[in-house]
Amino acid sequence: RAAHRLCSVQHRALRAIERCRTAALGGELRQCDACGTQRYVYHSCRNRHCPKCQTRAKERWLAARRAELLPVPYYHLVFTVPHELNGLAQGNPRVLYTMLFATVSETLVEFGRNPRWLGGEIAVTLVLHTWGQTLSQHLHLHVLVAAGALSESGTWVRSRRGFLFPVKALSIVFRAKFLAVLAEALARGRLARSGSTTALGEPSTQRTFLADLRKKAWVVYAKRPFAGPEAVLEYLGRYTHRIAISNERLVSFDADSVRFRYKDYAHGARRKTMALDALEFLRRFALHVLPRGFNRIRHYGLLANRNKRTLLAKARMALHAPVLLRAPAESVAAFWQRLAGIDIARCTHCGLGILKLIATIAPQPHPPP
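Residues numbered from 1 in each chain as written. Predicted model: local features only at pLDDT ≥ 70, side-chain atom pairs only at ≥ 80, totals over all residues. Heavy atoms only, no water.

A. Spotlight on the pattern of salt bridges. Evaluation of the coordinates by the stated rule reveals 13 salt bridges. We note a salt bridge from R30 to E28, for which the minimum N-O separation is 2.6 Å. With its nearest N and O atoms 3.7 Å apart, the salt bridge here joins R346 to D343. For D343, a relative accessible area of 35% corresponds to the partly exposed category. Salt bridges sharing partners connect three or more residues here, namely R65, E68 and K308. (Salt bridge = Lys/Arg side-chain N within 4 Å of Asp/Glu carboxyl O. Buried < 20%, exposed > 50% of the residue type's maximum accessible area, 1.4 Å probe, protein only.)

B. Molecular detail of the environment of G112. The topology assignment puts G112 in helix α4 (residues 93-113). A relative accessible area of 0% means that G112 is categorised as buried. Between the C-alpha atom of G112 and that of R259, which follows or precedes it by 147 residues, the distance is 44 Å. Not counting residues within four places of it along the chain, the set of residues in contact with G112 comprises L118, G119, G120, I122 and F165. (Helix = DSSP H or I, 4+ residues; strand = E, 2+ residues; numbered from the N terminus. Contact = heavy atoms within 4.5 Å.)

C. The arrangement of the packing of aromatic side chains in detail. Overall, the coordinates contain 10 aromatic pairs when judged by the stated rule. Residues F79 and F174 carry aromatic rings whose centres are separated by 5.3 Å and whose planes lie at 90° to one another, so their mutual orientation is edge-to-face. On the criterion of sequence distance, the pair formed by F79 in strand β3 (residues 74-80) and F174 in helix α5 (residues 167-187) is long-range, its members being 95 residues apart. Aromatic side chains F178 and W218 sit 5.4 Å apart centroid to centroid with 55° between the ring planes, which places their arrangement in the tilted category. In this pair, F178 is assigned in helix α5 and W218 in the loop between α6 (203-215) and β8 (220-222), connecting sequence segments 40 residues apart. Exposure class is identical for F178 and W218. Each is buried. What links up through ring pairs into an aromatic cluster is the set F79, F174, F178 and W218. Of note, R65 hangs over the ring of W61, and the distance from its end group to the ring centre comes to 4.9 Å. Against the face of F101 rests R298, its NZ or CZ located 4.4 Å from the ring centre. (Phe/Tyr/Trp six-rings, centres within 6.5 Å; stacked < 30°, edge-to-face > 60°. Lys NZ or Arg CZ within 6 Å of the ring centre and 35° of its normal.)

Listed below in structure tokens is the structure:
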């Protein structure tokens, strides 16, 4: 906090992680009814950037999506923007991220409606990631697209086997759309590079900046289609509610540095270990805190909220697929039993008794060490 200027959401996220599952947030005291062992259970911060607080949110989200999956293969695409935009994204995250969602979704929907490819409405889910394996800034969107489209006549148009859209054409159209929107925003003089007090207001500076971006290759990557709906859900679970780094990747830390594992994709995805100064580690982590209220998972086409119920019903009818009902919400105890095989009410000391609530612990603004 002393070394770096934090915006309010970054300060709030780091403070929440600092206090998560500690006496600062309060909690409960439970006692085993068999052996008398007592256990303190402190409350979670529930901040969406906390590595420990996303599992239940992810499972609830997946349960809702399970009822929306169509019985067709799904493609995984990745849209990446050049690193030259990182400075603008750091200074104007909400604007740049919104541009990314808008231009990628428009590109995909237009390709889907083009009779040359599908000629109908596609089902698209976009997930924003802002980080690379070393916590450096790497802006990209993960995209999940159903292999086909719903035509105006109500029939389902299947994509060619092993092919959805030409990725080279996607990248060219995506780059053109993004740079057109970016040029308009720059012309208004409201975008500044991170660390700069002045906007990119000079027309000559804007033209040079845009020309350099136009020369870059804007990468669109397409993976092989998923085998079925269960594979799609497995993918969604890995990408939707992730934060910049999980606890599992941390190796060690002390007062001066943090060591963590990462995959070096430039050298065949080899697993390596990186050591960062503690301040640099937190600076990189804070880069990926999203603007307040910003939704990093969005749906378009058949899945857009406005007409989702009607269009999905038509798509299922065209595919002769039954309507899937959303599963009822499960309790916390049932959730952990299903996910990890853990009975959270069972005493871990004797393995026989049940932990009973005997006291409520009030939040402590300044808890002792």
